[in-house]
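Spelled out from the first residue to the last, the chains are:
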Amino acid sequence: MNTHFETFSTRHKAAVDTTLAALMNTWESAERLAALNLSTARSLFDDATARTKALLSASNPEEFLAIQADMVEPLAQKSVSYCRECYEIVAQSVEQASKPVEQQIAELNKVFGAELEKVAKSAPVGSEAALAAVRSGIAAANSTYDQMTSATRQVVELAEANVAAATDAAVK
């Protein structure tokens, strides 16, 4: 009885630790996004102030239009940079959040496999087919999970490459 409680307690503690790590990761990402937003807002305010002063000091329409035209590219670059930094923060957060979950799934598979072996040793004669079916089902589920994880990573890598290409093209 004590062994079952200790096992339950250990697994519960691991789940709580994983949840707390995910919450901390989310909090840190939110802090990074807030800092980025404040920094970007300050930078845009400073630029707008400088550009407004420059526009007000223009002595003729040509100079006014030239100053106005010079505003477009730096603003586009800052927008692209802001989007890229937001994307990086979110991508890092997702990556950090998925690691503990993957570890927990691997641990659960290991524990479930060990428990299944215990059941197999004490199973009545003739139950080999049922146990083989369970093992086959677990193997299929794990294979599907691995394939989905791999496909998701490929999609993320492709999306990152597309974002990089699009932002590079937008800046040019």
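For the structure itself, look to the data block above.
Residues numbered from 1 in each chain as written. Predicted model: local features only at pLDDT ≥ 70, side-chain atom pairs only at ≥ 80, totals over all residues. Heavy atoms only, no water.

Caption draft 1: Main features of the overall build of the protein. Counting its secondary structure elements, the protein contains three helices and zero strands. Mapped in sequence order, the helices and strands of the protein form the string α-α-α. For a compact globule of 172 residues, the expected C-alpha radius of gyration is about 16 Å, and the protein comes in at 28 Å, more than 25% above that figure. Taken along its principal axes, the extent of the C-alpha atoms in the protein is 100 × 35 × 10 Å. Here the protein, with 172 residues, has 10% of them falling under the buried criterion. For the protein, long-range pairs separated by at least 24 residues make up 67% of all intrachain contacts whose partners lie at least 6 apart in sequence. (Helix = DSSP H or I, 4+ residues; strand = E, 2+ residues; numbered from the N terminus. Rg over C-alpha atoms; globule rule 2.2 N^0.38 Å. Buried < 20%, exposed > 50% of the residue type's maximum accessible area, 1.4 Å probe, protein only. Contact = heavy atoms within 4.5 Å.)

Caption draft 2: Representation of the environment of Thr 49. By the element assignment, Thr 49 lies in helix α1 (residues 2-56). Residue classification places Thr 49 among the partly exposed residues on the basis of a relative accessible area of 30%. Taking the C-alpha atoms as reference points, Thr 49 and Ser 9, separated by 40 residues in sequence, lie 59 Å from one another.

Caption draft 3: Examining helix α2 (residues 61-122) more closely. In this model α2 runs 92 Å from its N-terminal to its C-terminal C-alpha over 62 residues, within 8% of the 92 Å that 1.5 Å per residue would give. Where α2 is concerned, the buried positions are Ile 67, Val 80, Cys 86, Ile 89, Ser 93, Pro 100, Val 111 and Leu 116. Backbone nitrogen of Glu 62 and a side-chain oxygen of the N-cap are separated by 3.2 Å at the start of α2; the cap is Asn 60. (Expected span 1.5 Å × (residues − 1). Polar contact = N/O pair within 3.5 Å; in protein donor to acceptor, adjacent residues only side chain to side chain.)

Caption draft 4: Representation of the environment of Ala 14 in the model. Looking at the secondary structure, you find Ala 14 in helix α1. Ala 14 sits in the partly exposed class, given a relative accessible area of 33%. Taking C-alpha positions, Ala 14 is 8.1 Å from Gln 104, a pair spaced 90 residues apart along the chain.

Caption draft 5: Representation of the pattern of salt bridges within the structure. Counted under the stated rule, the structure contains eight salt bridges. Of the charged contacts, one joins Asp 17 and Lys 13 as a salt bridge, the two residues approaching to 2.9 Å between their closest N and O atoms. Within this pair, Asp 17 and its partner Lys 13 are both found in helix α1, separated by four residues, close to a single helical turn. For Lys 13, a relative accessible area of 51% gives the class exposed. (Salt bridge = Lys/Arg side-chain N within 4 Å of Asp/Glu carboxyl O.)

Caption draft 6: Fine view of a nonpolar patch on the surface. A cluster of nonpolar side chains, Val 16, Leu 20 and Leu 23, forms an exposed patch at the surface whose accessible area comes to about 260 Å². Mapped onto the fold, Leu 23 is located in helix α1. Under the relative-accessibility criterion, Leu 23 is labelled exposed at 52%. (Patch = residues over 30% accessible without salt bridge, like charges linked within 9 Å, V, L, I, M, F, W, Y side chains within 5 Å. Areas by Shrake-Rupley, 256 points an atom, 1.4 Å probe, with all protein chains shown as cover.)

Caption draft 7: Structural context of the side chain of Asn 25. Mapped onto the elements, Asn 25 comes out in helix α1. For Asn 25, a relative accessible area of 6% gives the class buried. Residue contacts for Asn 25: discarding those within four places in its chain leaves Ser 93, Gln 96 and Ala 97.

Caption draft 8: Quick peek at a negative patch on the surface. A surface patch of like charges, here negative, comprises Glu 85, Glu 88, Glu 157 and Glu 160. Listed by contribution, the elements that provide at least two residues to the negative patch are α2 and α3 (128-171). With respect to the secondary-structure elements, Glu 85 resides in helix α2. Residue class for Glu 85 comes out partly exposed when judged on its relative accessible area of 35%. (Lys, Arg positive; Asp, Glu negative; His and termini not counted. Charge placed at Lys NZ, Arg CZ, Asp CG, Glu CD.)

Function cannot be inferred from these measures alone, as they are strictly geometric.
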